[in-house]
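Coordinate analysis (summary)
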Amino acid sequence: MKIAVCIKQVPAYSEGNMDEKTGLLIRTGLESIVNIYDLAALETALRIKEQRESCIDVYTMGPESAGQAIMESYALGADRGFLICDRAFAGADVLATSYTLMQAIQSQGTYDLILCGQQTTDGDTGLVSGALAKWLGLPGYGGVKKLDITGNENLRIAQDMGVQVLHWEIKGPCLIAVDRDIYTPRMPSLKLRMKARRKEITTITLQDLEDQDSRHYGLKGSATRVKKIFPPERTRKREVQQPEAKAAAGLILETVMNDQEAR
Amino acid sequence: MRNEKGSGILVYLELSGRDASEISRELIAKAYRLCRSNQEKLYLLYVGERTEAAAALTFDVPVDELWIYRTKGEFQADIWDKAFEDCIYDCRPAILLIGGTDEGRAIASRVAAAFRTGVTADCTGLTLDENGHLVQTRPAFGGNIMASILTEGSRPQIATVRAGIFPAGVKSEIYTAGKVVQNTWNNSNQNAKLIRIEEKVKAKGLEGASIVIAAGRGIKRREDLAMLKELADLMGAVLASSRALVEKGWLDASKQIGLSGNTVAPEYLITFGVSGTVQFMAGMQHARTIIAVNSDRDANIFRIAHIPICADLYEVIPEMLQKLKKPEREKLWKKI
């Protein structure tokens with residue numbers, strides 16, 4: 001099978017993380033990692049490769065430093081990596097990002113399966129994979145938490161739609177956006193990591209795409225514009241109380257329980 | 001569609017049983033208010049097999065036209081989007097509002113690509129500016145700042161909204177039922193076969209809970225959640241969390257409060273070790289009483305909390321557990 005996996009580099013924390021041993025906040029927020037949902041997508045591809053002869057191509061769009069995400073994918077077992085990197089691609093919204101991904105993927109031929117994480121931990125729109133499927137003219141399935149291949153190469157998937165889970169058998173190429181629980185990503189292997197150092201990353205620039213009109217990419221190709229950013233509205237701040245633990249416990253329980261009994 | 005003006009608002013109607021779903025009712029109310037301000041049409045779009053239930057709703061909600069696309073079977077993005085495309089080419093709405101459900105996100109993104117237009121996910125505010133553009137407000141950059149986003153050059157302007165953000169009620173000035181338009185369309189798909197539908201076992205949900213306890217990243221170890229679970233059980237509360245703990249895999253995503261999780265509006269929300277990102281607050285700001293415990297005096301959550309308590313949750317929770325268990329112990333003692 002020819003599989004394309006789309007991955008994104010994101011800041012290492014979103015809400016801030018705590019060191020589980022020391023209980024201290026990890027403040028090195030500038031560190032980048034591969035979006036955890038995308039690692040689950042890559043793991044899904046690697047599991048398929050264990051059963052079926054496959055070639056796994058990884059695509060990431062970002063600055064040159066995003067090449068690190070591809071090196072990490074190599075250490076996990078990806079075959080080829082493509083860094084979609086051009087100044088013209090910067091500042092893209094959902095529309096322009098998905099269009100660029102489509103152009104980049106199509107510049108390398110066709111795939112039997114496109115795998116994405118269903119959302120990122122930074123942008124968090126969960127919309128890029130759906131738009132990409134549409135650009136590619138493929139059916140798209142989001143929220144996929146189980147994927148198997150049948151004897152006749154069809155895909156069997158379980159798609160979480162909130163109140164119910166839909167089990168589909170799909171014939172032909174499609175795009176699957178996976179939930180992070182589909183698989184726990186493996187640890188990178190030392191052997192692959194060593195090998196990764198010698199592996200090349202192919203950079204895809206505007207010149208490599210079929211549509212080279214720069215107005216279709218990046219900020220220019222985006223349909224949405226951020227007009228204003230502002231701090232969120234707050235309600236009037238109340239005096240923060242600093243009671244002893246016992247008093248605090250009493251205050252909380254009385255507030256909740258007394259009101260409840262009164263009604 | 002570039003340089004197209006369009007007019008009116010199209011709302012995607014999702015049903016829950018025979019009624020409009022919660023999010024659909026909220027979107028219809030929002031769209032109605034926006035339409036009234038400049039006398040534009042409000043359209044609904046329904047795709048599915050419960051067409052009679054959908055049609056009956058035109059008597060209940062202030063809609064001008066309901067466009068129905070009948071099809072059998074479960075939601076499939078690559079079938080549903082054909083109905084959207086057909087409807088949008090005919091109605092030419094300036095705005096398309098879609099619920100931020102699994103289904104809604106899948107369809108919103110495909111329609112955006114089909115019309116080469118903008119889509120803004122999980123809006124928390126929707127207004128019209130002086131030029132008639134939809135001002136879409138949502139938390140951005142990790143959630144500690146708000147952004148107002150416009151789609152100026154293309155139509156429709158697509159926005160998704162999560163349930164619980166806008167109020168549902170609307171006083172209608174329209175006393176006649178909306179027009180129902182039945183459509184035929186190409187809805188075949190030979191490539192996907194539904195094997196079975198698995199109904200999800202609903203755990204005691206966050207929705208409708210009167211007391212919710214939310215755990216944040218102040219919880220140091222996974223084991224410590226047991227203490228919060230015990231507290232929740234003793235208080236008859238439901239345990240939820242901020243995104244941090246869900247990302248760590250300590251709690252299921254169904255327990256997450258926030259813009260990318262659930263929106264809750266319980267009588268009481270008690271947070272422990274939640275810092276209070278905009279992302280989180282967007283999901284709980286309508287709680288009647290917010291009690292926040294955090295050891296950081298400057299925590300954001302204190303700005304919204306009705307009862308802000310600066311204390312160590314690892315000291316407060318054991319005290320609460322002790323107080324809650326005490327009466328039982330006394331009873332036991334009397335028996336002996």
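**Notes on the overall build of chain B**
- Within chain B, the regular secondary structure consists of 8 helices and 18 strands.
- Overall, the C-alpha framework of chain B stretches about 75 × 45 × 40 Å when taken along its three principal axes.
- Of all 336 residues assigned to chain B, the portion counted as buried reaches 53%.
- Taking the contacts inside chain B whose residues are at least 6 apart along the sequence as the reference set, 64% of them involve residues at least 24 apart.

**Re the pairing of strand 4 (residues 42-48) of chain B**
Residues and elements named next belong to chain B.
- Taken across its 7 residues, strand 4 has 7 buried, putting it largely inside the fold.
- Covered by surrounding structure in strand 4 are Leu42, Leu44, Tyr46 and Gly48 together with Tyr43, Leu45 and Val47, the residues of both alternating faces.
- Pairing analysis gives 4 bridges linking strand 1 (residues 9-12) to strand 4, with the strands arranged parallel. From the neighbouring strand, Leu10 faces strand 4, where its bridge partner is Tyr43.
- Bridge analysis of strand 4 against strand 5 (residues 65-70) gives 6 bridges, and the strand direction is parallel. For Val47, the partnering residue across the bridge sits in strand 5 and is Tyr69.
- Following the backbone out of strand 4, through helix 2 (residues 51-56) and into the adjacent parallel strand 5, one traces a crossover that is right-handed.

**Overview of the confidence of the model for chain A**
- Across chain A, pLDDT averages 89, with 89% of residues at or above 70.
- Predicted confidence is poor over residues 14-27 of chain A, with pLDDT under 50, and the contacts of this stretch with residues over four places away or in other chains come to 30 contacts.

**With respect to the interface of chain B and chain A**
- At the interface, 79 residues of chain B touch 66 residues of chain A.
- Counting residues per element, the side of chain B that touches chain A draws most heavily on helix 4 (residues 102-114) of chain B, which supplies 10 residues.
- Alignment of strand 14 (residues 225-230) of chain A against strand 10 (residues 145-150) of chain B, held across 5 bridges, turns out to be antiparallel. By the bridge assignment for strand 10 of chain B, A:Phe230 is matched with B:Met146.

**Remarks on helix 4 of chain B**
Residues and elements named next belong to chain B.
- Over its 13 residues, helix 4 runs 19 Å from end to end, which matches the ideal 18 Å to within 8%, given 1.5 Å per residue.
- Most of helix 4 sits inside the fold, with 11 of its 13 residues counted as buried.
- Three or more residues of helix 4 are buried, namely Glu103, Gly104, Arg105, Ala106, Ile107, Ala108, Ser109, Arg110, Val111, Ala112 and Ala113.
- Where helix 4 terminates, the next one or two residues include Arg116, which has phi positive at roughly 50°.

**Some details on helix 3 (residues 94-106) of chain A**
All names here are of chain A.
- The terminal C-alpha atoms of helix 3 lie 18 Å apart, and with 13 residues this matches the ideal 18 Å at 1.5 Å per residue to within 8%.
- Counting buried residues in helix 3 gives 12 out of 13 residues, a clear majority hidden from the surface.
- Within the span of helix 3, buried status applies to Val94, Leu95, Ala96, Thr97, Ser98, Tyr99, Thr100, Leu101, Met102, Gln103, Ala104 and Ile105.

**Section: the nonpolar core**
- Of all hydrophobic cores here, the largest spans 133 residues; its most connected members are A:Val5, A:Ile176 and B:Leu45.
- If we ignore the near neighbours within four places in the chain, the residues touching B:Leu45 are B:Leu10, B:Tyr12, B:Leu13, B:Trp67, B:Phe84 and B:Cys87.
- Of all hydrophobic cores here, the second largest spans 53 residues; its members include B:Leu251, B:Val274, B:Ile291 and B:Ile317.

**Here's the deal with the sheet that holds strand 9 (residues 134-140) of chain B**
- The 4 strands lie next to each other as 14(A)-10(B)-9(B)-8(B), forming an open sheet whose pairing is antiparallel. A strand with exactly one partner marks an edge of an open sheet, and here the two such strands are strand 14 of chain A together with strand 8 (125-128) of chain B. Strand-to-strand, the axes of this sheet are offset by a mean angle of 30°, without reference to chain direction.
- Bridge count between strand 9 of chain B and strand 10 of chain B: 5 bridges; the pairing is antiparallel. Looking across to strand 10 of chain B, one finds that B:Thr137 is bridged to B:Ser148.

**What to know about the packing of helix 3 of chain A against helix 4 of chain B**
- Axis separation between helix 3 of chain A and helix 4 of chain B bottoms out at 10 Å; the angle between their running directions is 75°. It follows that helix 3 of chain A is roughly perpendicular to helix 4 of chain B by the angle criterion. On the side of helix 3 of chain A, the interface is formed by A:Val94, A:Leu95 and A:Ser98, while helix 4 of chain B contributes B:Ser109, B:Ala112 and B:Ala113.
- Looking at the contact of helix 3 of chain A with helix 4 of chain B residue by residue, the class counts come to 4 nonpolar, 2 polar and no charged.

**Digging into the confidence of the model for chain B**
All names here are of chain B.
- In this model, chain B carries an average pLDDT of 88, and 93% of its residues clear a pLDDT of 70 or more.
- For chain B, the element scoring lowest by mean pLDDT is helix 8 (residues 313-335), at 77; strand 1 scores highest, at 98.
- Reported for the predicted complex are a pTM of 0.80 and an ipTM of 0.86.

**Focus on the sheet that holds strand 6 (residues 55-61) of chain A**
- Taken together, 10 strands build an open sheet; the order of strands is 13(A)-7(A)-6(A)-1(A)-8(A)-12(A)-9(A)-10(A)-11(A)-13(B) and the sheet is mixed. Whereas interior strands pair on both sides, the edge strands pair on one side only; in this sheet they are strand 13 (202-204) of chain A together with strand 13 (192-199) of chain B. Recorded for the sheet is a direction-independent mean angle of 30° between the axes of neighbouring strands.
- Across 5 bridges, strand 8 (residues 113-117) of chain A lies against strand 12 (residues 174-178) of chain A in parallel orientation.

**Some details on the domain arrangement of chain B**
Residues and elements named next belong to chain B.
- By the assigned domains, chain B splits into domain 1 (9-183) and domain 2 (211-335).
- On a C-alpha basis, the centroid separation for the pair domain 1 and domain 2 is 34 Å.
- Partitioned by chemical class, the residues of the side of domain 1 that touches domain 2 number 4 nonpolar, 4 polar and 2 charged.

**What to know about the pairing of strand 8 of chain A**
All names here are of chain A.
- Where burial is concerned, most of strand 8 is hidden: 5 out of the 5 residues are buried.
- Of the two faces of strand 8, the one lined by Leu113, Leu115 and Gly117 and the one lined by Ile114 and Cys116 are each fully buried.
- For strand 1 (residues 2-7) and strand 8, the ladder comprises 4 bridges, and the chain directions are parallel. When the sheet's bridge partners are listed, Ile3 is paired in strand 8 with Leu113.

**Points about the packing of helix 2 (residues 67-76) of chain A against helix 5 (residues 190-198) of chain A**
Residues and elements named next belong to chain A.
- At a minimum axis distance of 7 Å, the contact between helix 2 and helix 5 shows a crossing angle of 135°. Considering the angle they form, helix 2 stands oblique to helix 5. Considering only the axes of helix 2 and helix 5, their crossing is right-handed. Side by side, helix 2 and helix 5 meet where Met71, Tyr74, Ala75 and Leu76 of the first sit next to Leu192, Arg193 and Ala196 of the second.
- For the contact of helix 2 with helix 5, the per-class residue count stands at 6 nonpolar, no polar and 1 charged.

**Focus: the environment of B:Ala237**
- When you line up the elements, B:Ala237 lands in the loop between helix 5 (225-235) and strand 15 (238-241).
- Separated by 24 residues in the primary sequence, B:Ala237 and B:Ile213 have C-alpha atoms spaced 6.5 Å apart.

Rules behind the numbers
Residues numbered from 1 in each chain as written. Chains lettered and ligands numbered in written order. Predicted model: local features only at pLDDT ≥ 70, side-chain atom pairs only at ≥ 80, totals over all residues. Helix = DSSP H or I, 4+ residues; strand = E, 2+ residues; numbered from the N terminus. Buried ≥ 20, exposed ≤ 12 C-beta atoms within 10 Å, placed from the backbone. Contact = placed C-beta atoms within 7 Å. Pairing = 2+ DSSP bridges. Right-handed = clockwise from strand over helix to strand, strands pointing away. pLDDT = per-residue confidence, 0-100. Expected span 1.5 Å × (residues − 1). Core = buried A, V, L, I, M, F, W, Y, C linked by C-beta atoms within 7 Å. Axes fitted to C-alpha atoms, helices over the stretch in contact; angles between N-to-C directions. Parallel < 35°, antiparallel > 145°, perpendicular 65-115°, else oblique. Nonpolar A, V, L, I, M, F, W, Y, C, P; charged D, E, K, R; others polar. Domains from an automatic or database assignment. Left-handed = near helix turned anticlockwise from the far one by under 90°.

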